[in-house]
Amino acid sequence: MPPFPIVQEVQSRLEESGLHGALALLNSRTPHRFTGAYRYDGEVLRNEGLYDRFSPEGVRGEDVPMPLAYCALVGERNAGLEFADAREDPRFAWKPGSPVVSYCGALMRDESGRPYGTLCHFDALRCEPNMTELEQLEKVAPLIFRWLRARSASARH
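Owing to the predicted nature of the structure, the values given are computational and were not obtained by experimental measurement. (Residues numbered from 1 in each chain as written. Predicted model: local features only at pLDDT ≥ 70, side-chain atom pairs only at ≥ 80, totals over all residues. Heavy atoms only, no water.)

J.: What am I meant to see in the environment of Cys-104 here?
T.: Turning to its location among the elements, Cys-104 is positioned in strand S5 (residues 102-109). Along the backbone, Cys-104 and Glu-88 are 16 residues apart, and their C-alpha atoms lie at a distance of 15 Å. Residues contacting Cys-104, with those up to four places away along its chain left out, are His-32, Leu-81, Glu-82, Leu-119, Cys-120, His-121, Glu-133, Leu-134 and Leu-137. (Helix = DSSP H or I, 4+ residues; strand = E, 2+ residues; numbered from the N terminus. Contact = heavy atoms within 4.5 Å.)

What follows is the structure in structure tokens.
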């Protein structure tokens, strides 16, 4: 079976324009305003890159305390998470300190399979995700992880 077309598209975008270009491509397929890559770092969720549909020139977002991050739930569950409106979703308590209302996130794992961070779409408004959003993020999360790891390794040399 051939690979998901999105995998090839994201790989090409990473090669052509880096993380920001890949996040922009992913964002073009969702109703969410933001698409980001985040790394778990103790009690903080570190932003590695962010695409904001309303401010497309920006490349980084803020780091987030883990208790306010829905991405933390992705790591705890060891699985993707998707919801249209956190205020109404009965699966978990809404995080009133977080501006995030709508979320779709996939887990990025390191080479040993340990949680590394998340690749996610999110918005401060309610968004109805399409049927394949989470699946697409899960398919490309390994590519984004490898790109981040390679960037980190080259920065050390």
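Continuing now.
J.: In this structure, what is going on with the pairing of strand S1 (residues 34-41)? I would like to understand it.
T.: Each regular strand shows side chains that alternate between the opposite faces of the sheet. Here S1 lies mainly inside the structure; six of its eight residues are buried. Where S1 lies against strand S2 (residues 44-52), eight bridges are found, and the strand directions are antiparallel. Note on S2: the bridge partner recorded for Ala-37 is Gly-49. Taken together, S1 and the strand that follows it, S2, pair antiparallel across an intervening segment of two residues, in which Gly-42 is found at a positive phi of about 65°. (Buried < 20%, exposed > 50% of the residue type's maximum accessible area, 1.4 Å probe, protein only. Pairing = 2+ DSSP bridges.)

J.: Just checking my understanding: could you explain the pairing of strand S6 (residues 115-123) for this structure?
T.: Counting buried residues in S6 gives eight out of nine residues, a clear majority hidden from the surface. Bridge count for S1 against S6 is six bridges, and the pairing is antiparallel. Residue Tyr-38 lies in a different strand from S6, and its bridge partner there is Thr-118. Here S5 folds back onto S6 in antiparallel fashion, the turn holding five residues, of which Gly-113 has a positive phi close to 90°.

J.: In this structure, what is going on with the side chain of Asn-47? I would like to understand it.
T.: For Asn-47, the location among the structural elements is in strand S2. Only 3.4 Å separates the side chain of Asn-47 from the side chain of Tyr-38, close enough to count as a polar contact. (Polar contact = N/O pair within 3.5 Å; in protein donor to acceptor, adjacent residues only side chain to side chain.)

J.: Explain helix H1 (residues 5-27) to me, please; I cannot follow it from the model alone.
T.: For an α-helix, the turn length of 3.6 residues means that residues three or four places apart are oriented alike. Over its 23 residues, H1 runs only 16 Å from end to end, short of the ideal 33 Å by more than 12%, given 1.5 Å per residue. The largest bend along H1 reaches roughly 135° and is located at Ser-17. (Expected span 1.5 Å × (residues − 1). Bend = angle between axes of the 7 residues up to and from the residue.)

J.: What should I look at first to understand the packing of aromatic side chains in this one?
T.: How two aromatic rings sit relative to each other is given by the distance of their centres and the angle of their planes. Applying the stated criterion across every chain yields a total of six aromatic pairs. Both rings, one in Tyr-116 and one in Phe-145, keep their centres 4.9 Å apart while their planes meet at 75°; by these two values the pair is edge-to-face. Here the residue Tyr-116 occupies a position in strand S6, and Phe-145 occupies one in helix H3 (residues 133-156), the gap between them amounting to 29 residues. Taken together, the ring pairs in this structure connect Phe-34, Tyr-38 and Phe-122 into an aromatic cluster. (Phe/Tyr/Trp six-rings, centres within 6.5 Å; stacked < 30°, edge-to-face > 60°.)

J.: Even after reading the chapter, I still don't get the environment of Phe-4, so can you show me in this structure?
T.: As for its position among the elements, Phe-4 is in the segment before H1. Considering only alpha carbons, one finds Phe-4 and Leu-81, 77 residues apart in sequence, at a separation of 20 Å. Discounting chain neighbours no more than four positions away, the residues touching Phe-4 are Glu-135 and Lys-139.

J.: Hey, could you run me through the nonpolar core in this one?
T.: General note: in soluble globular proteins, nonpolar side chains tend to be found buried as a group. Val-10, Met-108, Leu-119, Val-140 and Ile-144 are the most contacted members of the largest nonpolar core, which has 25 residues in total. The set of elements that each furnish at least two residues to this core consists of H1, S5, S6 and H3. Counting residues per element, this core draws most heavily on H1, at 10 residues. Here Leu-119 is in contact with Leu-23, Leu-26, Gly-36, Cys-104, Gly-105, Ala-106, Met-108, Leu-137, Val-140, Ala-141 and Ile-144, once residues within four sequence places are set aside. (Core = buried A, V, L, I, M, F, W, Y, C linked by side-chain atoms within 4.5 Å.)

J.: Hey, could you run me through unusual backbone geometry in this one?
T.: For residues other than glycine, phi is negative in most cases, and the peptide bonds are mostly trans. Even without being glycine, Asn-78 reaches a positive phi, approximately 60°. Following the sequence through the fold, Asn-78 ends up in the loop between helix H2 (70-77) and strand S4 (81-83). Judged by relative accessible area, Asn-78 falls into the partly exposed class, the value being 40%.

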